[in-house]
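Spelled out, the chains give:
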Amino acid sequence: MVDYGYTSNTSVNSNRSTAYGSEITKGDRMGYKFGRRSKQALSNVDQQLVKLCEEVIQHIDFSVIEGHRSLERQKELFDEGNSNIDGVTEKGNHNYTPSRAVDVVPYKRGTNPFDGTERAELEYYRLNREFQRASRKLGLAVTWGGTWNDPLDYPHYELA
Ligand SMILES: [Zn+2]
């Protein structure tokens, strides 16, 4: 699995911090809200993917950890061996403006999405079910990095 350089941190795992926070919204609808970090990550992302994320969060809690990725950051990930794409000879979907890819992690209290356990994996699959359902509903063709082998990339979704 890709190491995004986001270390597991207690604000993600145990205490819901406002940075990642989503709250159950008032009203009849079951639903969650994006926290500040997620909104920021979605700020430079293709509107189709934004709509997709907004649909999914009505049904399951998750955070958007990355949208648009600068060439500097892409190079950094490449140099660290965390991406096969250097951003120069080959452009990744995160490198477009707006971004054609998002990285998302499930939010489940007591589960660390970065620890590589089976439990964490199951949460990515649960989240993916909602992404698939929502992309059908919106008529979007989206590719999930969880279906890839090199690298296996559970957080990654991109416009196909
Ligand atoms: Zn990605």
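This write-up is about the structure you can find in this document. (Residues numbered from 1 in each chain as written. Predicted model: local features only at pLDDT ≥ 70, side-chain atom pairs only at ≥ 80, totals over all residues.)

This brings us to the overall build of the protein chain. Helices and strands together make up the secondary structure of the protein chain, namely five helices and four strands. Starting at the N terminus and ending at the C terminus, the protein chain contains elements arranged as α-α-α-β-α-β-α-β-β. Across the 160 residues of the protein chain, 33% fall into the buried class. Once local pairs closer than 6 in sequence are excluded, the contacts in the protein chain between residues at least 24 apart make up 57%. (Helix = DSSP H or I, 4+ residues; strand = E, 2+ residues; numbered from the N terminus. Buried ≥ 20, exposed ≤ 12 C-beta atoms within 10 Å, placed from the backbone. Contact = placed C-beta atoms within 7 Å.)

Right, let's talk about the environment of Leu52 for a bit. Looking at the secondary structure, you find Leu52 in helix α3 (residues 47-56). For the pair Leu52 and Gly139, spaced 87 residues apart in the sequence, the C-alpha separation amounts to 9.9 Å. Look past the residues within four positions of Leu52 in its chain and what remains in contact with it is Ala134, Ser135, Leu138, Leu140 and Val142.

To continue, consider the environment of Arg100. Considering the arrangement of structural elements, one finds Arg100 in the loop between α4 (71-79) and β2 (101-106). A tally of 21 C-beta atoms within 10 Å means that Arg100 is categorised as buried. In the structure, Arg100 is positioned 53 residues away from Gln47 in sequence and 9.3 Å away in space, judged by C-alpha atoms. Among residues more than four places away in sequence, those in contact with Arg100 are Asp46, Asn93, Glu158 and Leu159.

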